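# Fold and geometry: a report
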Amino acid sequence: MRPENVVLSEDGKSVVIIDQTQLPNRLEYLSLVTPEDFYEAIKALKVRGAPAIGICAGMGLYVTMNGLGDADREKFLTEMHHIAAYINSSRPTAVNLFHALRRVESAAMEYPGTDTAGMLAAMRKECTAIQDEDIAMCRAISEYGLTLVKDGDGVLTHCNAGPLATSLYGTGLGTLILGAEKGYKFHAYTDETRPLLQGARLTAYELDKAGIDVTLICDNMASIVMKQGRINACFVGCDRVAANGDTANKIGTSGVAVLAKHYGVPFYVFCPSSTIDMECKTGADIKIEERDPEEIKSKFYTEPMAPASVKCYNPAFDVTDAELITAIVTEKGICRYPYSESIPALFGKEKKC
Ligand code: MRU
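No experiment lies behind these values; they were computed from the predicted model shown.

## Brief notes about the domain arrangement of the chain
- The domain architecture assigned to the chain consists of domain 1 (6-138) and domain 2 (142-351).
- The gap between the C-alpha centroids of domain 1 and domain 2 is 25 Å.
- With 27 residues of domain 1 at the contact, the number on the domain 2 side is 32 residues.
- Roughly 2,500 Å² of surface becomes buried between domain 1 and domain 2 when both sides are summed, with 55% attributable to carbon and sulfur atoms.
- A per-residue breakdown of the area domain 1 buries against domain 2 is headed by Arg48, Thr93 and Cys138, which together make up 26% of the total.
- Taken together, the connections running from domain 1 to domain 2 amount to one salt bridge.
- Of the charged contacts, one joins Arg91 and Glu289 as a salt bridge, the two residues approaching to 2.9 Å between their closest N and O atoms.
- Mapped by element, the contributors of at least two residues to the side of domain 1 that touches domain 2 are α2 (50-66), α4 (95-110) and α5 (116-146).
- Broken down by element, the side of domain 1 that touches domain 2 gets its largest block of residues, five residues, from α5.

## Focus on the sheet that holds strand β11 (residues 276-277)
- One open sheet accounts for four strands, arranged β11-β8-β9-β12; its pairing is mixed. The outermost strands of the open sheet, each flanked by one partner alone, are β11 and β12 (317-320).
- Of the strand pairs in this sheet, strand β9 (residues 247-250) and β12 are connected by four bridges, and their pairing is antiparallel. Residue Lys250 lies in a different strand from β12, and its bridge partner there is Phe317.
- Where helix α9 (residues 253-263) meets the sheet, its contacts fall on β9 and β12, and the angle it forms with β12 comes to roughly 35°.

## Describing the packing of aromatic side chains
- Under the criterion given, the structure shown has five aromatic pairs.
- Ring centres 5.4 Å apart and planes at 25° place the aromatic pair Tyr184 and Phe186 in the stacked group.
- A residue is classified by how much of its surface remains accessible, and Tyr184, at 26% relative accessible area, is partly exposed.
- The exposure class of Phe186 is buried, given its relative accessible area of 3%.
- Between Tyr337 and Tyr339, the aromatic rings sit 5.9 Å apart at their centres with planes inclined by 75°, giving edge-to-face as the arrangement.
- For Tyr337, a relative accessible area of 48% gives the class partly exposed.
- Here the aromatic cluster, defined as three or more aromatic residues joined through ring pairs, consists of Phe235, Tyr268 and Phe270.
- Here the basic side chain of Lys250 rests over the ring of Phe317, its NZ or CZ set 4.3 Å away from the ring centre.
- A cation over an aromatic ring shows up here: Lys299 above the ring of Phe300, its NZ or CZ 5.4 Å from the ring centre.

## A few points about the nonpolar core
- Formed by 35 residues in total, the largest nonpolar core has its most connected members in Val6, Val15, Leu61, Phe76 and Met123.
- At the level of secondary structure, the elements contributing two or more residues to this core comprise β1 (6-8), β2 (15-18), α1 (35-43), α2, α3 (73-88), α4 and α5.
- Among the elements that take part in this core, α2 stands out by supplying 10 residues, more than any other.
- By size, the runner-up hydrophobic cluster in this structure holds 27 residues, among which are Met226, Ile231, Val236 and Ile328.

## Describing unusual backbone geometry
- The omega angle of the peptide bond from Leu23 to Pro24 is 10°, so this bond is cis rather than trans.
- Topologically, Pro24 is positioned in the loop between β2 and β3 (29-32).
- Cis peptide bonds are those with omega within 30 degrees of zero, and the linkage from Tyr337 to Pro338 qualifies with 0°.
- Position of Pro338 relative to the elements: it lies in the loop between β14 (333-336) and α11 (339-346).
- A positive phi angle, close to 65°, is found at Cys159, a residue other than glycine.
- In this fold, Cys159 is placed in the loop between β4 (154-157) and α6 (174-181).

## Some thoughts on the pattern of salt bridges
- The full count for this structure, using the stated rule, is 11 salt bridges.
- A salt bridge links Arg26 to Glu28; its shortest N-O distance comes to 3.9 Å.
- On the basis of relative accessibility, which here comes to 42%, the residue Arg26 falls in the partly exposed class.
- Residue Glu143 is joined to Lys182 by a salt bridge in which the shortest nitrogen-to-oxygen separation is 3.8 Å. Within this pair, whereas Glu143 is found in helix α5, its partner Lys182 is found in the loop between α6 and β5 (187-191), the two being separated by 39 residues in sequence.
- Here the residues in one salt-bridge network are Arg91, Glu289, Arg291 and Glu295, joined through shared partners.

Reading the values: rules and limits
- Residues numbered from 1 in each chain as written.
- Predicted model: local features only at pLDDT ≥ 70, side-chain atom pairs only at ≥ 80, totals over all residues.
- Heavy atoms only, no water.
- Domains from an automatic or database assignment.
- Contact = heavy atoms within 4.5 Å.
- Buried area = accessible area lost by both parts, 1.4 Å probe.
- Salt bridge = Lys/Arg side-chain N within 4 Å of Asp/Glu carboxyl O.
- Helix = DSSP H or I, 4+ residues; strand = E, 2+ residues; numbered from the N terminus.
- Pairing = 2+ DSSP bridges.
- Axes fitted to C-alpha atoms, helices over the stretch in contact; angles between N-to-C directions.
- Phe/Tyr/Trp six-rings, centres within 6.5 Å; stacked < 30°, edge-to-face > 60°.
- Buried < 20%, exposed > 50% of the residue type's maximum accessible area, 1.4 Å probe, protein only.
- Lys NZ or Arg CZ within 6 Å of the ring centre and 35° of its normal.
- Core = buried A, V, L, I, M, F, W, Y, C linked by side-chain atoms within 4.5 Å.

Encoded structure:
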């Protein structure tokens, strides 16, 4: 099975994505060709979720260079760096965007010949490898996740870290989807995830499609469901993990972690190990994207829901302090606090740390 959310065309001239802004009401596909197409699709969250953004950007760099025609090596590389920097500037928080672009750029730079066709072939190989690796990593993360829960558990989710945001199983939702395939009966409580409603529009859609019992709640209901004992674990994905385990994810994630600590509910972060950015020492080094205030004031409403003159602050992500995170689940194993010890150990071995 291949992912449907981000697909490189056979001829390498376009990338077809599911337009996530239209879900759950319409399943629409968009064909991306130019650098501007990729920039806009990522910026507007038509393709979103840290791994999916990276995969789309990497393929986007290949596709746009493929459409350029013949150029000498120096010109080719200059133009490639220019386009990569432009696509990379679309969103600042997810490290996957930067990683994927750098990998595809390196493939061209390291190609030993000077012919454009050879450089392009190397770029194609690299960007498809990123997606293939993500498929395998999501599956491995999901298998590890299943060791942390039991049949019948209630699981609270925030934002969307499912197949749309990644490849096939997903990270944060992978355990639930793989578990359902194996016959587990989980009860998911899905935060709607204001202001862009990734929980309501995408997670509820994906879990329902996978046959999982899913109950949608407003973000401010997480406390009551934990207090009522309905939640055995919280599952989230992430956009960047600092070397000390501080984790950036969708706005509201850190609030869920604080509540989970209060009620004694384990709080798990799921991500490929490539989402760990050893160059960020702590969460303070992670750049947080700020978005248009209209996402809070008027988007999704038939009339504005606040006075036009009122100020709005709209950070798209927050950082959950490492000590609030019970474990970080990666394809290489499960890290536990203190992460300044377990994260470096992760890169030294392939089993549980
Ligand atoms: O702004 P978004 O919708 O791209 O934010 C996505 C998230 O915060 C996800 O939880 C994260 O990228 C992990 S996706 C596997």
